[in-house]
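# Topology and contacts: notes
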Amino acid sequence: MSMTSILQVTDEQVAARVKALPPLPQVWHALDEALRSDTASPDHIVRLVACDPGLTAVTLKLANSPFYGVSGRVVSLRDAVQILGVETLSAATMTAAVMARFDPAACPAFDIAGSWRHALGTAVCAQFLAEPRGIDPCAAYTAGLLHDIGTLALATSFPDVFNETLAWAARHDVPPIDAERELLGIDHAVVGGMVARHWRLAPAIADAVRQHHDVPGGPSASLNDVLHLSDNIVHALDVSHAVDDFVPPLDIGAWARVAPTAEELGRAFERVESRLMNLDLGTFR
């Protein structure tokens, strides 16, 4: 029996595991709605956060963390919300929620810390590149954070199979996505799009996650383009510190549509590296 037939994962199996994932907390959807509303008051945001003890704890830790550019002795939830703002709270809630929903400990070949460093770096880079191009920076951050969520889903749902896949990729010196397609018959981008749809995220975010390795064309820069380019940039920066990290092939059309200047790229590099320098994943738990 070939390796391919041993490791084949059916679409039905993947769909069933994705469907079994717990939903995102309702407070995230409420914060996301408030973020897009011009009428949400600071008091309303404080009440939303206060309803979730876990988010309250994360909010206070973040307000005292240098990761978001603030530090000090903040003990009041109201002060923490004012310091961080709704946009940061929404991003932090998403990060904490995703971390709580996946535990790939049974897949030793999967580097969870490196994966999160790369995801957060991509989120920061995508947010930075999005706004000057008229693309929603909050959607860009979310897409960046979740672009490899399919790897977490595979490592958690099929740990033995995915462990073999990563080991095969290392032995053959190929990118993990090539090994996924060869051995599993599906890849993490497709699985990630399934997870995003299951969590009722905006279709544009789900599409960007699903297509971040295969970008569709278009007349101007899109969320897909920004995510694809940010993923490449952050792989090139090697923020995951992975020995065998691969920089994915760059779509020239996406590069041309985003058209970053040398100065802008330099600032993006600095933004990502400065934010990750102060990263403590425990802040989000």
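Attention here is on the structure that accompanies the text. (Residues numbered from 1 in each chain as written. Predicted model: local features only at pLDDT ≥ 70, side-chain atom pairs only at ≥ 80, totals over all residues. Heavy atoms only, no water.)

## Let's talk about the overall build of the protein
Regarding its fold elements, the protein presents 16 helices and zero strands. Taking 2.2 N^0.38 as the reference for a compact globule, 285 residues should give roughly 19 Å; the C-alpha atoms of the protein span a radius of gyration of 19 Å, in line with that estimate. In terms of overall dimensions, the protein has a C-alpha envelope of 60 × 40 × 30 Å along the principal axes. When the 285 residues of the protein are sorted by exposure, 52% land in the buried category. Contacts in the protein between residues at least 24 apart in sequence constitute 69% of all its contacts with a sequence separation of at least 6. Counting 20 positive and 34 negative side-chain charges, the protein places the averaged centre of each group 7 Å from the other. (Helix = DSSP H or I, 4+ residues; strand = E, 2+ residues; numbered from the N terminus. Rg over C-alpha atoms; globule rule 2.2 N^0.38 Å. Buried < 20%, exposed > 50% of the residue type's maximum accessible area, 1.4 Å probe, protein only. Contact = heavy atoms within 4.5 Å. Lys, Arg positive; Asp, Glu negative; His and termini not counted. Charge placed at Lys NZ, Arg CZ, Asp CG, Glu CD.)

## Side note on the nonpolar core
Residues Val98, Trp199 and Leu201 are the most contacted members of the largest nonpolar core, which totals 86 residues. Here this core takes twelve residues from helix α6 (residues 77-101), the largest share from any one element. Apart from residues lying up to four places away in sequence, Trp199 is in contact with Pro22, Pro23, Leu24, His29, Val98, Arg101, Phe102, Leu146 and Ile149. (Core = buried A, V, L, I, M, F, W, Y, C linked by side-chain atoms within 4.5 Å.)

## Some thoughts on the pattern of salt bridges
A side chain with one charge can pair with a side chain of the opposite charge if their charged atoms come near. As enumerated under the stated definition, the model contains six salt bridges in all. Glu264 is the salt-bridge partner of Arg133, the closest N and O atoms lying 2.6 Å from each other. On the criterion of sequence distance, the pair formed by Arg133 in the loop between α7 (112-130) and α8 (137-146) and Glu264 in helix α16 (residues 262-277) is long-range, its members being 131 residues apart. Here Asp214 makes a salt bridge to Arg181, at a shortest N to O gap of 3.0 Å. Pair noted here: Asp214 is in the loop between α13 (203-210) and α14 (223-237) and Arg181 is in helix α11 (residues 176-184), with a separation of 33 residues, a long-range link. In this structure Asp214 comes out as partly exposed when scored by relative accessible area, which is 48%. Taken together, the salt bridges that share partners define one network made up of Arg181, Asp187 and Asp214. (Salt bridge = Lys/Arg side-chain N within 4 Å of Asp/Glu carboxyl O.)

## Brief notes about the environment of Val86
In this fold, Val86 is placed in helix α6. Each residue touching Val86, except ones within four places of it in the same chain, is listed here: Leu31, Leu35 and Ile45.

## Describing α14
The first and last C-alpha atoms of α14 sit 21 Å apart over 15 residues, in line with the 21 Å expected at 1.5 Å per residue. In terms of burial, α14 is largely enclosed, as 13 of its 15 residues are buried. The first or second residue beyond α14 is Asp238, which carries a positive phi of 55°. (Expected span 1.5 Å × (residues − 1).)

## A closer look at the packing of helix α4 (residues 42-50) against α6
Put simply, α4 and α6 touch, their axes get as near as 10 Å, and they point 95° apart. With respect to each other, α4 and α6 are oriented roughly perpendicular. Contacts from Asp43, Ile45, Val46, Val49 and Ala50 of α4 reach α6 at Leu77, Arg78, Val81, Val86 and Leu89. Across the contact of α4 with α6, the residue classes break down as eight nonpolar, no polar and two charged. (Axes fitted to C-alpha atoms, helices over the stretch in contact; angles between N-to-C directions. Parallel < 35°, antiparallel > 145°, perpendicular 65-115°, else oblique. Nonpolar A, V, L, I, M, F, W, Y, C, P; charged D, E, K, R; others polar.)

## A word on the side chain of His188
On the secondary structure map, His188 appears in helix α12 (residues 188-198). Apart from the residues within four sequence positions on either side, His188 is in contact with His147, Asp148, Gly150, Thr151, Leu154, Ile177, Glu180, His212 and His213.

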